[in-house]
Amino acid sequence: MTNLPILYSFRRCPYAMRARLALLASQTDCEIREVKLAQKPPEMLALSPKGTVPVLVQPDGMVLEESLDIMMAALRHNDPLGWLSHYNSDLVLKNDTHFKFHLDRYKYSTRYNTDALEHRAEALGILNELERLFDPAYPFLGGQAMSLMDAALAPFVRQFAATDTVWFDAQRLPAIQRWLMAFTGSRLFERAMIRLPVWQAGDCPVFLT
């Protein structure tokens, strides 16, 4: 056992991804427990019965169950990179509602029994709006360096792009395509995406570094 926060996470989940990015950017020392979503550990479910990741357990027992809450709590405690200075709540809300809605029904059309191409087109319309927000002189939404906005949005856009990379690469989204390359090529993304074994009770702690 440690007296550090404990993060229950799943490597590919965009919500967990952005939580890990913020914890790393805030230099928060944290134990990380990789979860298998098909076999969620009872320890996590006891803390957060809704059974989704990420879940952050603070040393005082406080539980944060939403990725944005985890990001904000970490950065309000320590923000050495100035991430909080680049935040647009309306843009994040649109990503987490409208864009995520269409992303799911495009990527998982069989599960939702939806028209994948219809939802792809709707999501593309949102990305066309996002494209216009970039300054062509800079790779990230906030400028030369990654910020909170990039960490909050890019994991979802990355998932959309990966659904059909040939199609996505053919779209007229030069700023977003450049942005995703800068995001996935960053040292912070590399650290956030380290592969970990699935956590089991009794395992030695693994730390987010």
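Quick notes on the rules
Residues numbered from 1 in each chain as written. Predicted model: local features only at pLDDT ≥ 70, side-chain atom pairs only at ≥ 80, totals over all residues. Heavy atoms only, no water. Helix = DSSP H or I, 4+ residues; strand = E, 2+ residues; numbered from the N terminus. Buried < 20%, exposed > 50% of the residue type's maximum accessible area, 1.4 Å probe, protein only. Lys, Arg positive; Asp, Glu negative; His and termini not counted. Salt bridge = Lys/Arg side-chain N within 4 Å of Asp/Glu carboxyl O. Contact = heavy atoms within 4.5 Å. Domains from an automatic or database assignment. Buried area = accessible area lost by both parts, 1.4 Å probe. Polar contact = N/O pair within 3.5 Å; in protein donor to acceptor, adjacent residues only side chain to side chain. Nonpolar A, V, L, I, M, F, W, Y, C, P; charged D, E, K, R; others polar. UniProt positions renumbered as here; feature names shortened; annotations may be inferred. Pairing = 2+ DSSP bridges. Axes fitted to C-alpha atoms, helices over the stretch in contact; angles between N-to-C directions.

Naming follows an unreviewed UniProt entry, where the protein chain appears as Glutathione S-transferase of Acetobacter cibinongensis.

Draft legend 1. A look at the side chain of R11. With respect to the secondary-structure elements, R11 resides in the loop between β1 (6–9) and α1 (14–25). No salt bridge is formed by the buried R11; its nearest oppositely charged neighbour, E34, is found at 6.7 Å. When neighbours within four sequence positions are excluded, R11 is seen to be in contact with M17, R20, E34, M193, I194 and R195.

Draft legend 2. Just the domain arrangement of the protein chain, in detail. Here the domain parsing of the protein chain yields domain 1 (6–82 + 190–208) and domain 2 (89–186). Here the C-alpha centre of domain 2 lies 23 Å away from the C-alpha centre of domain 1. Counting residues at the interface gives 12 residues for domain 1 and 13 residues for domain 2. Carbon and sulfur atoms supply 70% of the area buried between domain 1 and domain 2, which totals about 1100 Å² over both sides. The largest contributions to the domain 1 side of the interface with domain 2 come from P14, Y15 and R18, which together make up 42% of the buried area. Taken together, the links from domain 1 to domain 2 amount to one salt bridge. Of the charged contacts in the structure, one is a salt bridge between R18 and D96, with a shortest N-O distance of 2.7 Å. In this structure, the connection of domain 1 to domain 2 is made through three residue pairs in polar contact (both at pLDDT 80 or more). Looking at the side of domain 1 that touches domain 2, the elements with two or more residues in it are α1 and α3 (67–77). With five residues, the top contributor of residues to the side of domain 1 that touches domain 2 is α1. Each residue belonging to the side of domain 1 that touches domain 2 can be placed in one class, and the counts come to nine nonpolar, no polar and three charged.

Draft legend 3. Summary view of unusual backbone geometry. The omega torsion across V53 and P54 is 5°, close enough to zero to call that bond cis. Note that P54 resides in the loop between α2 (42–47) and β3 (55–57). Phi at Q27 is positive, roughly 60°, even though this residue is not glycine. Along the chain, Q27 falls in the loop between α1 and β2 (31–34). What makes Q27 exposed here is its relative accessible area of 58%.

Draft legend 4. Seen up close, the environment of P136. Examined against the element boundaries, P136 turns out to sit in the loop between α6 (116–131) and α7 (148–163). Between the alpha carbons of P136 and P174 there is a distance of 9.1 Å; along the sequence they are 38 residues apart.

Draft legend 5. The UniProt feature "domain: GST N-terminal" (unreviewed entry) in the protein chain, seen in detail. With numbering aligned to this structure, UniProt lists the feature "domain: GST N-terminal" (unreviewed entry) at residues 3–82. Secondary structure within residues 3–82 divides into 36% helix and 16% strand; the distance between the first and last C-alpha atoms comes to 27 Å.

Draft legend 6. Structural view of the sheet that holds β3. With mixed pairing, four strands are arranged side by side in an open sheet as β2-β1-β3-β4. The open sheet has two free edges, formed respectively by β2 and β4 (63–64), since each of these has just one partner strand. Here β1 runs beside β3; their pairing, made up of three bridges, is antiparallel. Bridge pairing in β3 places Y8 opposite V55. Here α1 sits on the sheet and contacts β1, β2 and β3; the angle it forms with β1, its principal contact strand, is near 150°.

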